[in-house]
Amino acid sequence: MSLEKFSYDNRTVKWFAYAAVFWGLIGMLAGLWAALSLAIPQLNLGYAATTFGRLRPVHTNAVIFAFVGNGIYMGVYYSLQRLCKARMFSDVLSKLHFWGWQAIIAGGALTLFLGYTTGKEYAELEWPFDIAITVVWVIFGANMLGTILRRREAHLYVAIWFYIGTWVAVAMLHIVNSFEMPVSLFKSYSWYAGVQDALVQWWYGHNAVAFFLTTPYLGLMYYFVPKAANRPVYSYRWSIIHFWALIFIYIWAGPHHLLYTSLPEWAQSLGTVFSIMLIAPSWGGMLNGLLTLRGAWDKVREDAILKFFVVALTCYGMATFEGPMLSLKNVNAVSHFTDWTIAHVHVGALGWNGFLTFGILYWMIPRLFATQLYSRKWANTHFWLGTLGIVFYVVPMYWAAFTQSMMWKEFTEEGQLKYQFLETVTTIVPMYALRGLGGALYVSGMILMIVNLVKTVRSGSFVADEPAEAAPLPKVIPVSGKGHWHNWIERRPVQMVVFSLIAVGIGGIFEMIPTFLVRSNIPTISSVKPYTPLELHGRDIYIREGCYTCHSQMVRPFRDEVARYGEYSKAGEFVYDHPFQWGSKRTGPDLARIGGKYPDSWHYNHMLDPASMSPGSIMPSYPWLLEDRIDKGKTPAMISAMRKVGVPYPHNYELQANKDMEQQAKEIAASLKRDKLETLPDREIVALIAYLQRIGKDIKAAPEKPLAVQEGQQ
Amino acid sequence: MKFINYLQSIDGVAIYPLVPLVLFTAFFAGAAWFALRAEKTSMVCKSRIPLESNDQYEL
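Summarised in this report is the structure supplied together with it. From a predicted model like this one, the values you see are computed outputs, not experimental measurements.

Time to look at the overall build of chain A. Within chain A one finds 26 helices and four strands. Radius of gyration (C-alpha) of chain A: 26 Å, near the 27 Å computed for a compact globule of 714 residues. Overall size of chain A, expressed as C-alpha extent along the three principal axes, is 90 × 50 × 50 Å. Counting over 714 residues, chain A shows a buried share of 65%. Considering only contacts within chain A whose residues lie at least 6 apart along the sequence, 83% involve residues at least 24 apart.

Pasting the structure below:
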C-alpha cells in the first residue's frame, strides 16, 4: 500500500506550551501572593484588586484553566496527531482555539481583579465568558473530532478515549452549571438557588477536578509515560476498565463536598459510596502508569523526566486515596472548612498536574526544536526544588488543619468553647508562612525550568511542520480478535462521544432529578423572605469582594458549631440565595448567623480596620466601601433578574425598589450616627451592613411553635 | 436534619439511584468481560501504538 506524506502541526503545540508556562508562572505567583497575604495581611496592599478575596479566584482560575488548560491542549495537540497519524483537522480552528482561549484567560483575569464574579468557586467568570468558553470548547471539539475522523490508524488508542470523555463531560458540566440570568454586561445571578445551586455547583466543582484536572491528564499519561520510558503501557486491559469505571463513577462523587450541610441526606450518602468506589479505578490507573516503568527503574534514577512522572503518579495516587477518605462523614467532620482541603488539592495540582506538565515539557520541547535539553542537571535540580516545595507546602497545611479543627471542637470542663475563633487562626499563621516557603521553592523550580527551556529553544531550530508518512486507512478494517462490541466502539469516535455522554449524563441526571422534581423537596420556611433592595446590593458587594473565599455561611449540626455560631442551617433558609454562599473554607468565622450579632457600628469599624475590632485579625481592610456609592441605577435590573429566576418580588416592584432602599439606608445611617459614625446613606458600606445584619435572621422571626412543614425535618 | 419525608413524597424515588446503578453495572461488566477476555496479541498490538514512530525527528 502506498504511503501518504503529510506533516504534523508543531506550531500550535508550541504556542500552547508557551502559554501553559507563561500562565502557570502568573497563576502560581498569584497563589504565592495570596498565601503570603494570609501570613502578612499588609500584602493586601489596601486596594480592592489586590485583596485576598479577589486574588484567590484569579489564582485558582489561572492555575486550573490557564496553566492546566493550556497544558491539556499542548499535550492533546501533540499526541493526538501522532496517535491518529494525521495533521490536526484545521489550522484555522487551531488558531481560533488558541487565541480564543488566551483571550478568555486575559479577560477573565482582568474582570476577576475588577470584582466581576458569579461567586461560584471555579466557575467565577461572568456570563459573557461562559458563552465564549462554550464556543471555544466547541471549536476544540470540532478540531479534535475532525482529526480523529481523518486518522490513518484504525484503532483509537486509550489516550484518545480520555480526551473524548473529557470533552463531553466538561461541555455538559459547564453548560449545566452556567445557567444564569444576566443583570448587566458583567453581572448575573445563578439560575439555581440555595440547596439546588450548591448541589449543581459541587457536582460541577468536583467534576471540574475529575474531567479537567484528571481525565485529560490521564490521557496524556497514557501517551507520554510510555514514550518517555520507551515501553508500552503495563496493561492495556486495565486501561479499558480504568476509563469506563472512572467516567461512570466520578460524576457521582460531587455531593461529598456537602456532607453535614443542608443537602438531602440520601444525596450525601450516595456521594460517599461512589467516592469510596473511586479508589479502585484511580489506583488501577496509577499502578498502570507506575508499572509501565517496570524494568526501567535504573533510568528513573538518571532521567529527570521519568522522575517527574513517577512523583506525578504517586501524587495522583495519594490524592485519589485521600479524596475518598475525605468523603467519609467522620473524616469530613474534621477536614471540612479547614486547610486540609487546601493541602489535598495542592497534592493534586502541584504534584499530579504540575509535575506531569513539567515532565512533558522537558520531553517535548527538545523534540519540537530538534535538539537536546540544554541542561539535564538543571532539570534534576528543578525536580528536587519542586518536590521539596510540595512537601513544605502540604505538611504545614495538614498540620494547620488538624490543629485548627481540634481547637474549634475543644470545650472546657464547664462546657464552654475553649478557644475564640480568632485564637485558632493566629495559632496557625506560622504555618501559613511556612506554606509560603513551600510555594516559593516550587515557583523557583519553575523559573529554573523556564531558563532551561529558553536555552534549549535557542540551541535548536523549530520544526514547524514535522514531515511524516503513513498508509491511509483501508475502507474495510480487518478485525483482529473476536468480534466484540467494545472492539467495534474502539474504532468509532462518534459513537464513543455518544456513549461517553450517556455515561456521564446518566450519573448527572439521576443525581439531581429528585432535587428538582418536587418543589416541596426544599422545605419552605414561611418567615424566610426575599432580600430587600439594599440587602441585595450588599449581597452583591459581598460576592464582589470574594468574602465567600474565607467565610462560610453554613452552620453544621455539631455541638461546637451550634455553640459558636448559633442554630444550625436549614435548607429552607437559602431559597432566595442566587447564588448560594455556603463557602468551602473558614479562614474567618462562619457568617450564617452574623445578622444581629453585633451593632451596625461594629461592622463599620471592622470593615475599615478589622484589627481594631478583632486584634490579630488577618482580614484585609475595605476602606473604599466607605467612599464608593451604591449603584442605584442597577436596582431595577437586579430586582427584575431575581424575579425571573423565581424570587417573588411583587409586580412592578422594581419601580419603587430604590425608594425602599433609600428608606432602609437612612435608618442604618441614623443607627451609625447614634454611635458617632457619620456616613452618607448612599455608601456601599451601608448596603453591606444591611446584608450582614440580615443573614440568618429570618428563622428567628419564625413562630415559637414550628410550622407543620418544619416538624418532619427536626 | 432528616429529609426522608420529602423524598417519600416523590413517587418511587428509589428508582433514581437504582436505574443508573443497574445501567452502570451492566455496562461495566460488559467492558470488563471484554477487556479480560481480549486476545493478548490484540492488546499488545494496541498498547504499542504510541511507540510506532513515524515522525522523522524522533530522537
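Turning next to the side chain of A:E545. All names here are of chain A. Within the secondary structure layout, E545 lies in the loop between α18 (533–544) and α19 (559–565). Note on E545: relative accessible area 2%, which makes it buried. Engagement of the side chain of E545 in a polar contact is seen with the side chain of R54, the distance being 3.0 Å. Polar contacts involving the side chain of E545 include one to the side chain of R544, which spans 2.9 Å. Excluding anything up to four places from it in sequence, E545 contacts T51, G53, R54, Y622, W624 and L625.

Moving on, we come to the pairing of strand β4 (residues 465–470) of chain A. Residue and element names in this part refer to chain A. Burial of β4 is one-sided: the residues E466, A468 and A470 facing one way are buried, the residues D465, P467 and E469 facing the other way are not. Pairing analysis gives six bridges linking strand β1 (residues 4–9) to β4, with the strands arranged antiparallel. When the sheet's bridge partners are listed, K5 is paired in β4 with E469.

Here we take up the pattern of salt bridges. Residue and element names in this part refer to chain A. Within this structure, the stated rule accounts for 28 salt bridges over all chains. The closest approach of N and O atoms between E573 and R593, which form a salt bridge, is 2.7 Å. Taken as a pair, E573 in the loop between α19 and α20 (600–608) and R593 in the loop between α19 and α20 lie far apart in primary sequence, 20 residues in all. Side by side, E573 and R593 carry an identical accessibility label, which is buried. Several salt bridges converge on common partners, so that one network encompasses R54, R544, E545 and E684.

Our focus in this paragraph is the packing of helix α4 (residues 127–149) of chain A against helix α5 (residues 158–177) of chain A. Residues and elements named next belong to chain A. At their nearest, the axes of α4 and α5 sit 11 Å apart, and the two run at 155° to each other. Considering their axes alone, α4 and α5 lie roughly antiparallel with respect to each other. With respect to the hand of their crossing, α4 and α5 are arranged in left-handed fashion. Residue-level contacts link D130, I133, T134, W137, V138, F140, G141, M144 and I148 of α4 to I160, Y163, I164, T166, W167, V170, A171, H174 and I175 of α5. Of the residues contributing to the contact of α4 with α5, the split by class is 13 nonpolar, four polar and one charged.

With that out of the way, let us pick up the side chain of A:T147. On the secondary structure map, A:T147 appears in helix α4. Each residue touching A:T147, except ones within four places of it in the same chain, is listed here: A:L80, A:C84, A:A86, A:R87, A:M88 and A:F89.

Residues and elements named next belong to chain A. Of the pockets and cavities examined, the largest pocket occupies roughly 890 Å³. H551, G588, P589, H606 and S614 are, among the 42 residues lining the largest pocket, the residues nearest its centre. Of all the secondary-structure elements, those providing two or more residues to the lining of the largest pocket are α1 (10–39), α2 (52–84), α15 (421–459), α19, α20 and α25 (684–694). Among the elements that take part in the lining of the largest pocket, α20 stands out by supplying four residues, more than any other. Here the lining of the largest pocket is composed, by residue class, of 24 nonpolar, 13 polar and five charged.

This paragraph deals with a nonpolar patch on the surface. Residues and elements named next belong to chain A. On the surface, a nonpolar cluster with roughly 520 Å² of combined accessible area is contributed by L149, W488, V494, V498, F499 and I502. Among the elements that line the nonpolar patch, the one with the most residues is helix α17 (residues 493–517), at four residues. Position of F499 among the secondary structure elements: in helix α17. Its relative accessible area of 32% is what places F499 among the partly exposed residues.

Next up on the list: the packing of aromatic side chains. Residues and elements named next belong to chain A. Evaluated as defined, the whole model comprises 54 aromatic pairs over all chains. With a centroid separation of 5.1 Å and an interplanar angle of 70°, the aromatic rings of F16 and F98 are classed as edge-to-face. Placement of F16 in helix α1 and of F98 in helix α3 (residues 91–113) is noted, with a sequence separation of 82 residues between them. Accessibility expressed as a relative area gives 6% for F98, which makes it buried. Their ring planes at 40° and their centres at 5.1 Å tell us that F369 and F462 sit as a pair that is tilted. With a gap of 93 residues between them, F369 in the loop between α13 (339–368) and α14 (376–409) and F462 in the loop between α15 and β4 connect regions that are remote in the sequence. Ring-pair connections join several aromatic residues into one group, and the members of that group are W15, F16, F65, Y73, Y77, F98, W99, W101, W137, F140 and F212. Looking at R82, its charged tip hangs above the ring of Y78, at a distance of 3.7 Å from the centre. A cation sits over an aromatic face here: R152 above F6, 4.1 Å from the ring centre.

Cut-offs and rules
Throughout this description, residue numbers start from 1 for each chain and increase along the sequence as written. Working convention: letters from A go to chains and numbers from 1 go to ligands, in the order in which they are written. Confidence filtering applies because this is a predicted model: local features only for residues at pLDDT of at least 70, side-chain atom pairs given and counted only at 80 or more, and all residues used for totals across whole chains, interfaces and linings. As a rule here, side-chain values come from all non-hydrogen atoms in the structure, and water together with hydrogens is ignored. Secondary structure counts use DSSP, requiring at least four H or I residues in a row for a helix and at least two E residues in a row for a strand, with both numbered from the N terminus. As defined in this context, the radius of gyration uses C-alpha atoms, and a globule is described by 2.2 Å times the residue total to the power 0.38. The rule is simple: take the accessible area with a 1.4 Å probe, protein chains only, and divide by the maximum for that residue type; under 20% is buried, over 50% is exposed, in between is partly exposed. We call two residues in contact when some of their heavy atoms are within 4.5 Å. Between N or O atoms, a polar contact is any pair within 3.5 Å; within protein, one atom must be a potential hydrogen donor and the other a potential acceptor, and residues adjacent in sequence are included only when both atoms are from side chains. If DSSP finds at least two bridges between two strands, the strands pair. Salt-bridge detection follows one rule: a side-chain nitrogen of Lys or Arg within 4 Å of a carboxyl oxygen of Asp or Glu. Lines are fitted to the C-alpha atoms to define the axes, a helix being fitted only along its stretch in contact, and any angle between axes, read from their N-to-C directions, falls within 0 to 180 degrees. Relative orientations are named as follows: roughly parallel for angles under 35 degrees, roughly antiparallel for angles over 145 degrees, roughly perpendicular for angles from 65 to 115 degrees, and oblique for any other angle. For a crossing to be left-handed, the near helix must be turned anticlockwise from the far one by less than a right angle; the clockwise case is right-handed. Charged residues are taken to be Asp, Glu, Lys and Arg, nonpolar residues to be Ala, Val, Leu, Ile, Met, Phe, Trp, Tyr, Cys and Pro, and polar residues to be all remaining types, Gly included. As defined here, a cavity is a set of points on a 1 Å grid over the protein atoms alone where a 1.4 Å probe fits but cannot get out. A pocket is an open set with protein on both sides within 12 Å along at least five of seven lines, and residues line them when an atom is within 4 Å of a point. Grid points are joined across faces, edges and corners, and a volume is the space filled by probe spheres set on the points. Candidates for patches are residues over 30% relative accessible area with no salt bridge; among them, like charges are joined within 9 Å and nonpolar side chains (Val, Leu, Ile, Met, Phe, Trp, Tyr) within 5 Å. Note on areas: Shrake-Rupley with a 1.4 Å probe; residue coverage comes only from the protein chains shown. Note on aromatic contacts: the rings of Phe and Tyr and the six-membered ring of Trp form a pair at centre separations within 6.5 Å, being stacked when their planes are under 30 degrees apart, edge-to-face when over 60 apart, and tilted otherwise. Two conditions define a charge sitting above a ring: the NZ of Lys or the CZ of Arg must be within 6 Å of the ring centre, and it must be within 35 degrees of the ring normal.

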